[in-house]
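Single-letter residue listing:
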Amino acid sequence: MSNKADVLIIGSGYAGWQAAEAIRKENSDAVITLLTADDGMVYPKPALSMALSQNKTPDDLPEATANQKGAELDLGVKVRTKVMSINTQRKKVMTTTGSFSYKKLILATGAKAMAPKVEGDAAHEIVTINDLTAYKKFYKALKGVQKVTLIGGGLIATELAEDLRAFGVEVDMIVRGSHLMSQIMPEAISHNLEAKLRERGVNLIFNSEVKEMNKSENGYVLKTDQGETFDAQLVLAAIGILPNIALAKKAKVETNLGICIDANCQTNVQDVYAVGDCAEADGVVQAYLEPIRRQVKALASHAYGDSSERFEVLPTLIKTKTPSLSIMLSPPLHATHGQWELNMNVGENQRLHYTVDGEVSGFALSGEFVTSANKLYKELYSA
Ligand SMILES: Cc1cc2nc3c(=O)[nH]c(=O)nc-3n(C[C@H](O)[C@H](O)[C@H](O)COP(=O)(O)OP(=O)(O)OC[C@H]3O[C@@H](n4cnc5c(N)ncnc54)[C@H](O)[C@@H]3O)c2cc1C
């Protein structure tokens, strides 16, 4: 027999729980069931790249269990329940613990961390972190480790490097590009941050790609495309994410890099919605918390309200968790033919604008200038 729900949510990350909250706010009667492949624990994922320096262990991070959060929102939760397939015609999902029928389905299946393509007999031992379970394993593996090799130079890799250093671990950071966070941050600020990280002892290696990882007597030995070798005890990669779209794809829901959604966060199939890291709107996957908050509002408003809220893809505002230098970024959605221009510079305090044909479409602030971020953001994006 199939379990029945008005709203079925797949996923218990920030997007899944926020969607449940938004729907409950809009409708107190709807029967909501949340299914999740993991334990459903509520925790702040951004804390995973700053917990070490705050002396927090993985056990300090959960804010509520799945049952506690489910009771608070008056909804049913099925943990360790992996959805295997969706039948959108019969409005039914098949899981590892039985089948569930729905009136409205919300896909909040998140993303998986990408692993670098590396040869060698230890390549499969590269660690990635995109959830609390993986973080717990990493934390355990870190015991007794003096040196970590980090592959990647984006936001999360950079935050992890600084966090590990503050924890007393040596860090070799191997970056494919020529500076840190090159996709979202101007070089001028990267250089200041790189100097700070070097002062703190992070060994930054740019324009280099790990090609091989083999076991050695004391751990691992890595070879790069530049012919360099690095000894490592633990190898951590943070090179990006890939939205979890397989379920949607199998169910013939339209996908691209993510699951394609409209301004109501509805997919091309009626009553099937997607939010969070698995979702793509206007060709963009925005893997940050702020867009998720706006997505779930639009979804709930369409599913149970007056459809007055619409999700608009806007550049987001990012506060980097790099204690050595305060940085606020609002990178352009499409960094194609524009450029970063220095607008103000007093020591390490910098303000840069991203301009396309003279029009500002993004900014980056460092040092004391970060205090003007919210004002600047409102000026740029409020109608
Ligand atoms: C280290 C780190 C630091 C970050 N820092 C920031 C920050 O400072 N600011 C910011 O805005 N963002 C930050 N982010 C990004 C932000 O945390 C994510 O955008 C957000 O948490 C994504 O939530 P989600 O619910 O979409 O996905 P996820 O958290 O990945 O949740 C997906 C859920 O779907 C479930 N699931 C998947 N497939 C199935 C299936 N078949 N059946 C059942 N369940 C399934 C999973 O078990 C999981 O519960 C950070 C991310 C990381 C990794």
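Everything discussed here concerns the structure shown above.
To keep things clear, this report deals only with the structure shown in the data block. (Residues numbered from 1 in each chain as written. Predicted model: local features only at pLDDT ≥ 70, side-chain atom pairs only at ≥ 80, totals over all residues. Heavy atoms only, no water.)

### What about the site of the ligand?
Part 1 of the argument: With respect to spatial proximity, 31 residues lie near the ligand, and among them Asp 38, Val 83, Asp 277, Leu 289 and Lys 321 are the closest.
Part 2 of the argument: Within the backbone of Leu 289, an N or O atom sits 2.8 Å from an oxygen atom of the ligand.
Part 3 of the argument: For the ligand, whose unbound accessible area comes to 1000 Å², protein coverage reaches 88%.
Part 4 of the argument: Its residues assigned to classes, the shell around the ligand shows 16 nonpolar, 10 polar and 5 charged. (Near = heavy atom within 4 Å. Polar contact = N/O pair within 3.5 Å; in protein donor to acceptor, adjacent residues only side chain to side chain. Areas by Shrake-Rupley, 256 points an atom, 1.4 Å probe, with all protein chains shown as cover. Nonpolar A, V, L, I, M, F, W, Y, C, P; charged D, E, K, R; others polar.)

### Regarding the environment of Leu 197
Part 1 of the argument: Looking at where Leu 197 falls in the secondary structure, it is placed in helix 5 (residues 187-199).
Part 2 of the argument: Taking the C-alpha atoms as reference, Leu 197 lies 9.2 Å from Thr 322; in sequence the two are 125 residues apart.
Part 3 of the argument: Ignoring sequence-local partners within four residues, the contact set of Leu 197 consists of Thr 158, Glu 162, Leu 180, Val 202 and Ser 324. (Helix = DSSP H or I, 4+ residues; strand = E, 2+ residues; numbered from the N terminus. Contact = heavy atoms within 4.5 Å.)

### Here's the deal with the packing of aromatic side chains
Part 1 of the argument: Counting across every chain of the model gives 4 aromatic pairs.
Part 2 of the argument: Each ring, one from Tyr 135 and one from Phe 138, has its centre 5.7 Å from the other, and the planes form 50°; the classification is tilted. Here Tyr 135 and its partner Phe 138 are both found in helix 3 (residues 132-141), 3 residues apart, which amounts to about one turn of the helix. (Phe/Tyr/Trp six-rings, centres within 6.5 Å; stacked < 30°, edge-to-face > 60°.)

### Focus: the environment of Ser 308
Part 1 of the argument: Take Ser 308: it is sitting in the loop between helix 7 (289-304) and strand 19 (318-319).
Part 2 of the argument: In sequence terms Ser 308 and Leu 150 are 158 residues apart; their C-alpha atoms lie 45 Å from each other.
Part 3 of the argument: At a separation of 2.7 Å, a polar atom in the side chain of Ser 308 contacts the side chain of Asp 306.

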